[in-house]
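Understanding the architecture of this molecule
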Amino acid sequence: MDVMAAANIFPTHNELTETDQFIVFFGERLATRQTKFLWNLSEINHLLGGGDKLIFIDVSADGSYYLLQVDEDPTGSLGANLQSLRSLLFSQSELAFTLAGKAAQLIDWYGSHRFCGACGTETLNHPEQRAVICHSCKRHYFPRINPCAIMLIVDGDKILLARSARFKSNFFSCLAGFMEVGETAEETVAREVREEVGLEIENIRYLKSQSWPFPSQLMLGFIADYKSGDIVPEPGEIEEANWYHVDELPVVPSADISVAGELIQYYVRQVRGQS
Ligand SMILES: [Zn+2]
């Protein structure tokens, strides 16, 4: 919370400075102009006032980043277009996606915690922390992330890839699933693999994670070795799952935008002796 303590979560207009930068959201989309997605104070000054909401996102060496939520379409006055968060994955820098992802998660979280889940009283923003408070029953609510495990199952020079039954696409990717209450991440990996393809695995090792703001997941990426069993796709979940030689892969996600793609690329490099 050190970063939060140094910044004002809900600044007033006269606390803003020229080194601050702003991401402007109108509804669920943000204002961009080609690759520009950060706006400075003089550019967005005319949008302040009325029903705008300003929320601190993050701080960098250059200044603070704020989310500016506006009620009226800002595209005309900014000379901007409106872009969805998902489209930023493919068209913008990693910084844009990270900051806009945080902003979108904050919009979603504040918007869905306007009332106390226990007693129904309207919540108030905590003045110094990323939290809302119920003054009636004294509960504090903090932003919630939903951890998921994503795992690449490997067997020597072959990897297991699957096509989802729920998202119609040509992509083959890693298996994945939400962690359940009381589970360790490794237990989630073993359970999901058993449920989705009927295989037993061993030697589960963590590789890396990724924030996935659709709406607020934390993807924990693992690699695990095949141990036993034959592939039995789970009806309704897995359309198709197969072993693929690392030199003969189907269409897989890009390593630029997803931890699934990174897991695949990492293992393919390992098999080929490049890392
Ligand atoms: Zn309450």
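Residues numbered from 1 in each chain as written. Predicted model: local features only at pLDDT ≥ 70, side-chain atom pairs only at ≥ 80, totals over all residues. Heavy atoms only, no water.

Regarding the sheet that holds strand S7 (residues 124–125)
Backbone-to-backbone hydrogen bonds pair the strands of a sheet. The strands run either parallel or antiparallel. Here we have three strands laid out as an open sheet, ordered S7-S8-S9, and antiparallel in their pairing. On the outer flanks of this sheet lie S7 and strand S9 (140–141), each paired with one strand and no other. Bridge count between strand S8 (residues 132–133) and S9: two bridges; the pairing is antiparallel. By the bridge assignment, Val132 is partnered in S9 with Tyr141. (Pairing = 2+ DSSP bridges. Helix = DSSP H or I, 4+ residues; strand = E, 2+ residues; numbered from the N terminus.)

Looking at the coordination of the zinc ion
Bound to the zinc ion are the protein donor atoms Cys116 (SG), Cys119 (SG), Cys134 (SG) and Cys137 (SG), situated 2.3 to 2.4 Å from the metal. For the zinc ion, the four donor atoms in the first shell make angles of 100 to 119° at the metal, so the coordination geometry reads as tetrahedral. All donor residues of the zinc ion come from one chain, and their arrangement in sequence is C-x2-C-x14-C-x2-C. (Donors = N, O, S within 2.8 Å, 3.2 Å for Na, K, Ca; no water. Tetrahedral: all angles 85-135°; square planar, octahedral: opposite > 155°, others 65-115°.)

Considering the domain arrangement of the chain
Interfaces are often described in size by the accessible area the parts lose on coming together. Assigned domains within the chain: domain 1 (2–112) and domain 2 (146–271). Measuring from the centre of the C-alpha atoms in domain 1 to the corresponding centre in domain 2 gives 34 Å. With eight residues of domain 1 at the interface, the matching set in domain 2 holds seven residues. Broken down residue by residue, the surface that domain 1 buries against domain 2 is led by Arg86, Leu89 and Gln105, which jointly contribute 58%. One can count zero salt bridges joining domain 1 with domain 2. Summed over the shared surface of domain 1 and domain 2, the result is zero residue pairs in polar contact (both at pLDDT 80 or more). (Domains from an automatic or database assignment. Contact = heavy atoms within 4.5 Å. Buried area = accessible area lost by both parts, 1.4 Å probe. Salt bridge = Lys/Arg side-chain N within 4 Å of Asp/Glu carboxyl O. Polar contact = N/O pair within 3.5 Å; in protein donor to acceptor, adjacent residues only side chain to side chain.)

A few points about the side chain of Gln210
Counting through the fold element by element, Gln210 comes out in strand S13 (residues 200–212). Taking the relative accessible area as the measure of exposure, Gln210 reaches 17% and is therefore buried. A polar contact is formed between the side chain of Gln210 and the backbone nitrogen of Val259, at a distance of 3.0 Å. Ignoring sequence-local partners within four residues, the contact set of Gln210 consists of Gln217, Leu218, Met219, Ile257, Ser258 and Val259. (Buried < 20%, exposed > 50% of the residue type's maximum accessible area, 1.4 Å probe, protein only.)

Things to note about the nonpolar core
By size, the foremost hydrophobic cluster in this structure holds 48 residues, and its most contacted members are Ile23, Phe25, Leu152 and Ile159. In terms of residue count, the dominant contributor to this core is helix H5 (residues 94–111) (10 residues). Each of domain 1 (2–112) and domain 2 (146–271) gives at least three residues to this core. Among residues more than four places away in sequence, those in contact with Leu152 are Ile159, Leu160, Leu161, Cys174, Phe222, Ile223, Ala224, Leu263, Ile264 and Tyr267. (Core = buried A, V, L, I, M, F, W, Y, C linked by side-chain atoms within 4.5 Å.)

Some thoughts on H5
In a regular helix each residue adds 1.5 Å, so 18 residues correspond to 26 Å; H5 covers 25 Å between its end C-alpha atoms and thus fits that length. Within the sequence span of H5, burial applies to Ala96, Phe97, Leu99, Ala100, Gly101, Ala103, Ala104, Gln105, Leu106, Ile107, Trp109 and Tyr110. (Expected span 1.5 Å × (residues − 1).)

Considering the side chain of Glu196
If you trace the backbone, Glu196 turns up in helix H6 (residues 185–197). No salt bridge is formed by the buried Glu196. Its closest oppositely charged neighbour is Arg166, at 5.4 Å. (Lys, Arg positive; Asp, Glu negative; His and termini not counted.)

Thoughts on unusual backbone geometry
In the segment running from Phe214 into Pro215, the intervening peptide bond is cis, with an omega of 5°. Looking at the element boundaries, Pro215 is found in the loop between S13 and strand S14 (217–228). For Gln34, which is not a glycine, the phi torsion comes out positive at approximately 50°. Tracing the backbone through its elements, the reader meets Gln34 in the loop between strand S2 (29–32) and strand S3 (39–40). Classification of Gln34 by relative accessible area gives exposed; the value is 72%. Positive phi is not limited to glycine here, since Asn203 has a value of about 55°. Tracing the chain through its elements places Asn203 in strand S13. By relative accessible area, which is 47% here, Asn203 ends up partly exposed.

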